[in-house]
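Close look at the chain arrangement
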Amino acid sequence: MPSITDFALQNLRLEEDSPGVWIVTLNRPDKRNALNADTIEELVTLFSGAARAGARAIVLAAEGPHFCAGLDLVEHHQADRSPADFWQLCLRWHEAFNKMEYGGVPIIAALKGAVVGGGLELASAAHVRVADAGTYFALPEGQRGLFTGGGATIRVTDLIGKSRMIDMMLTGRVYQGQEAVDLGLAQYLVEDTLSHALTLARRCAENLPLTNFAICSGVSHMQNMSALDAAYAEACVAGIVNTQPEARARLAAFADKSGARIRPNT
Ligand code: 1HE
């Protein structure tokens, strides 16, 4: 069974906040956390093994003033990649981001500064995004003579719709603040994104792991299915999750009235 200390990371920093609550920090602030090929490999390794190593919720944070500047443009320029090389690289991005979205461990992104290009693709693979007033979202690919390659056509379009996504790419439009939240680019607008993301992660970690696994992979899988098949899959997943022995104590607490009731926000 792997553990948190087994990951050898250079471009990411990994810490445990409390049992099962991990903080993964993008750690190339001098390069505005631009995603070079090595960082992508570290993301693949980390998010492939996190659940088995005991992660129950993960905060994805960033060192420095910006969350992520997207594709490492300097590395890309210097590598002078062939179409096949870049195609293969994109498959590694997809591997990393799919492991995040479908890996079954809740991932909360603590955003700040630039969340642009591949940085937005990375953020959109998280399950929850927390922004502050200085966080801004853009897809500068169009201006750079590039195209998205890390899943934006799927995930960013899912968040904000096709027309807005195309507008962002064509015109370089930047979204921030409440407007970004209203559109769905982030779910929370707070003063301290790391602290709020940690609060959310700790709360998620109180859920049963099997329940979180179903939420953080099942919903995405079901979105990829026809409505008929998704309903079938949902019933199947609920059959497994809703009968797990670990849930019995929680159900008993509700039945004997010791369990918390759901009340409106005060
Ligand atoms: C970088 C990168 C990068 C900064 N690749 N090195 N993404 C973009 O088009 C965004 C490009 N970056 C920026 O627009 C700005 O750098 C920021 C708004 C993010 C930050 O600005 P600032 O003034 O704080 O920093 P800076 O002076 O521009 O950059 C500081 C250093 O970070 C500098 O390196 P230095 O060695 O000269 O000090 C920059 O070169 C470096 N840096 N951003 C490499 N992106 C799978 S396809 C995905 C396609 C895309 O993601 S396209 C979008 C790319």
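Structure: see above.
Conventions used here
Each chain has its residues counted from 1, running along the sequence as written. Local features in this predicted model are restricted to residues whose pLDDT is 70 or higher, and side-chain atom pairs enter the listing and the counts only when it is 80 or higher, whereas totals over whole chains, interfaces and linings include all residues. Just so you know, side-chain values use all the structure's heavy atoms and leave hydrogens and water out. At least two DSSP bridges between two strands are required for those strands to pair. Secondary structure follows DSSP: runs of H or I at least 4 residues long count as helices, runs of E at least 2 residues long count as strands, and numbering of each begins at the N terminus. Two residues form a contact once any of their heavy atoms are found within 4.5 Å. The axes are straight lines fitted to the C-alpha atoms, using for helices just the contacting stretch, and the angles between their N-to-C directions are given from 0 to 180°. Proximity is defined per residue: if any heavy atom of the residue lies within 4 Å of a molecule or strand, that residue is considered near it. Definition of a polar contact: a pair of N or O atoms within 3.5 Å, with one able to donate and the other able to accept a hydrogen when the atoms are protein atoms, and with sequence-neighbouring residues admitted only if both atoms are side-chain atoms. Values of accessible area rely on a 1.4 Å probe in the Shrake-Rupley scheme; residue burial ignores everything except the protein chains shown. Only protein chains enter the area calculation, which uses a 1.4 Å probe; residues under 20% of their type maximum are buried, those over 50% are exposed, and those in between are partly exposed. Salt bridges are defined by distance alone: a side-chain nitrogen of Lys or Arg within 4 Å of a carboxyl oxygen of Asp or Glu. Should an angle fall under 35 degrees it is called roughly parallel, over 145 degrees roughly antiparallel, and 65 to 115 degrees roughly perpendicular, with every other angle called oblique. When residue character is reported, Ala, Val, Leu, Ile, Met, Phe, Trp, Tyr, Cys and Pro are called nonpolar, Asp, Glu, Lys and Arg charged, and the others, Gly included, polar.

Quick notes on the sheet that holds strand β2 (residues 21-26)
On the basis of which strands lie adjacent, the open sheet formed by 6 strands has the order β1-β2-β3-β4-β6-β9 and mixed pairing. With one partner strand each, in any of the chains shown, β1 (12-18) and β9 (188-189) form the two edges of the open sheet. Two elements, strand β3 (residues 57-62) and strand β4 (residues 107-110), share 3 bridges in a ladder whose sense is parallel. Bridging across to β4, Leu60 finds its partner in Ala109. In the packing of helix α1 (residues 37-49) onto the sheet, the strands contacted are β1, β2, β3 and β4, and the crossing angle to β1 comes to about 30°.

Quick word on the site of the ligand
The environment of the ligand is formed by 24 residues, the closest being Lys31, Ala69, Leu73, Gly118 and Arg144. Between the ligand and Ala69, the relevant distance is 2.7 Å, taken from a nitrogen atom to a main-chain nitrogen or oxygen of the residue. At a separation of 2.5 Å, an oxygen atom of the ligand approaches a polar side-chain atom of Arg144. Here the ligand has 1,000 Å² of accessible area as a free molecule, and 69% of this is covered by the chains.

So, the sheet that holds strand β8 (residues 175-176)
Overall, mixed pairing links the 3 strands, which are arranged β5-β7-β8 in an open sheet. In the strand order of this sheet, the two ends are held by β5 (114-116) and β8, each with one partner. Pairing of β5 with strand β7 (residues 136-138), which is carried by 3 bridges, proceeds in the parallel orientation. Among the inter-strand pairings, Ala114 is bridged to a residue of β7, identified as Tyr136.

Comments concerning the environment of Glu191
By secondary structure assignment, the location of Glu191 is in the loop between β9 and α9 (193-205). Note: C-alpha distance between Glu191 and Ala133 (58 residues apart in sequence) is 7.2 Å.

Some points on the side chain of Ser124
Its place among the elements puts Ser124 in helix α4 (residues 118-124). Looking at Ser124, the relative accessible area reads 8%, which means it is buried. If sequence neighbours within four positions are ignored, Ser124 has contacts with Arg129, Arg155, Val156 and Leu159.

Quick notes on the pattern of salt bridges
Under the criterion given, the structure shown has 10 salt bridges. Between Arg202 and Asp17 there is a salt bridge, and its shortest N-O distance comes to 2.9 Å. In this pair, Arg202 sits in helix α9 while Asp17 sits in strand β1, placing the two residues 185 residues apart along the sequence. Between Arg155 and Glu101 there is a salt bridge, with the nearest N and O atoms lying 2.5 Å from each other. You can see Arg155 sitting in helix α6 (residues 152-160) and its partner Glu101 sitting in helix α3 (residues 83-102), a full 54 residues away along the chain. Look at the salt bridges and you will find they share partners, linking Arg13, Glu15 and Glu63 into a network.

As for the environment of Ala123
Along the chain, Ala123 turns up in helix α4. Looking at Ala123, the relative accessible area reads 0%, which means it is buried. In sequence terms Ala123 and Ile166 are 43 residues apart; their C-alpha atoms lie 18 Å from each other.

What about the packing of helix α10 (residues 209-223) against helix α11 (residues 227-241)?
Direction vectors running N to C along α10 and α11 enclose 175°, while the axes themselves pass 11 Å from each other. In this view, α10 runs roughly antiparallel relative to α11, as classed from their interaxial angle. Here Leu210, Thr211, Ala214 and Met222 of α10 come into contact with α11, specifically with Ala230, Ala233, Glu234, Val237, Ile240 and Val241. Broken down by class, the residue content of the contact of α10 with α11 amounts to 8 nonpolar, 1 polar and 1 charged.

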